[in-house]
Amino acid sequence: MKLLTLVRHAKSSRDEPALVDLDRPLAERGRKDLPVMASFAAARLPPVDLLLCSPARRTRDTALAFAVALGYPESDMDFAAGLYEASGASLLRLLQRQPASVGHLLLVGHMPGLGELSRMLCDGPDDKFPTCAVLHMGLAVAGWDELQAGCGELLWYQTPKRLV
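Summarised in this report is the structure supplied together with it. Only a predicted model underlies this, so the values are computations on that prediction, with no experimental measurement involved.

## Side note on the packing of helix α3 (residues 88-96) against helix α4 (residues 113-122)
Describing two packed helices takes the angle between their axes plus the distance from one axis to the other.
Here's step 1: At their nearest, the axes of α3 and α4 sit 7 Å apart, and the two run at 70° to each other. As judged from the angle between their axes, α3 and α4 are roughly perpendicular. Here α3 runs over α4; the crossing is right-handed. On α4, the residues touching G88, A89, L91, L92 and L95 of α3 are G113, L114, E116, L117, M120 and L121.
Here's step 2: Split into classes, the residues belonging to the contact of α3 with α4 amount to 8 nonpolar, 2 polar and 1 charged.

## A word on the sheet that holds strand β6 (residues 152-158)
Either a parallel or an antiparallel arrangement is found when strands of a sheet pair, and the pairing is made through backbone hydrogen bonds.
Here's step 1: Across the sheet, which stays open at both edges, the 6 strands sit in the order β3-β2-β4-β1-β5-β6 with mixed pairing between neighbours. Either end of the sheet is taken by a strand with one partner, and the two such strands are β3 (78-79) and β6.
Here's step 2: Relative to β6, strand β5 (residues 134-139) runs antiparallel, the two sharing 6 bridges. Residue pairing across strands places H136 opposite W156, the latter belonging to β6.

## Brief notes about the pattern of salt bridges
Here's step 1: One pass over the structure, following the stated rule, counts 3 salt bridges.
Here's step 2: Among the ionic pairs, D21 bridges to R24, the shortest N-O distance being 2.9 Å.
Here's step 3: The closest approach of N and O atoms between D21 and R58, which form a salt bridge, is 3.0 Å. In this pair, D21 is assigned in the loop between β1 (2-8) and α1 (28-42) and R58 in helix α2 (residues 57-70), connecting sequence segments 37 residues apart.
Here's step 4: For D21, a relative accessible area of 28% corresponds to the partly exposed category.
Here's step 5: Relative accessible area serves as the criterion here: at 3%, R58 is assigned to the buried category.
Here's step 6: Each member of the salt-bridge network shares a partner with another, and the members are D21, R24 and R58.

Calculation notes
- Numbering of residues begins from 1 in every chain and follows the order in which that chain's sequence is written.
- Only residues with pLDDT of at least 70 get local features here, since the model is predicted, and only at 80 or more are side-chain atom pairs given and counted; chain-wide, interface and lining totals rely on the full set of residues.
- Excluding hydrogens and water, the side-chain figures rest on all heavy atoms present in the structure.
- Here an angle of 0 to 180 degrees is reported between the N-to-C directions of two axes, which are lines fitted to C-alpha atoms, with helices fitted over the stretch in contact.
- Helix and strand definitions follow DSSP, with helices as H or I runs of at least four residues and strands as E runs of at least two, each counted in order from the N terminus.
- Roughly parallel means an angle under 35 degrees; roughly antiparallel, over 145; roughly perpendicular, 65 to 115; everything else is oblique.
- Here is the rule for handedness: rotate from the far helix to the near one, and if that takes an anticlockwise turn smaller than a right angle the crossing is left-handed, while a clockwise turn gives right-handed.
- When checking whether two residues touch, look at their non-hydrogen atoms; a contact exists if any pair is within 4.5 Å.
- As a working rule, the residues Ala, Val, Leu, Ile, Met, Phe, Trp, Tyr, Cys and Pro are called nonpolar, Asp, Glu, Lys and Arg charged, and the rest polar, with Gly in that last group.
- By this definition, two strands are paired if DSSP reports at least two bridges between them.
- Should a side-chain nitrogen of Lys or Arg be within 4 Å of a carboxyl oxygen of Asp or Glu, the pair is scored as a salt bridge.
- When a residue's accessible area, from a 1.4 Å probe over protein chains only, is under 20% of the maximum for its type it is buried; when over 50% it is exposed; and in between it is partly exposed.

In structure tokens, the structure reads:
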């Protein structure tokens, strides 16, 4: 069995319209929600073997907070360009290429791809997968290359509004 944790980036700011989308920083609410959600996840998650993250600034900042809370080395974080604006199907293909030695993978990304992936794998929540939400699932596969629709079981799902 493999474990997959999906994290949507914390709330980002739109205060600087001239900024390219990839460079948008976290908003005040995102900076407030992030330590609460990272701490909540760290208290409930087993050790992470691989942390994949979109290269966008808001996902990098989110991933770093989770890495610190989980004791995951910042230098081992993998910023995969393919995660930015990826669909659920694209995320599935990316996960299928991960090494079998990875038991627990944490993925920090964006909507709508994360929501699509969660519904594809484990009939995840139909909500909009709010910013800084965390979904943890078990996968009935021996290797990531076996990943397919319906192979997951939702273990828990948490949003900032339910905690803050």
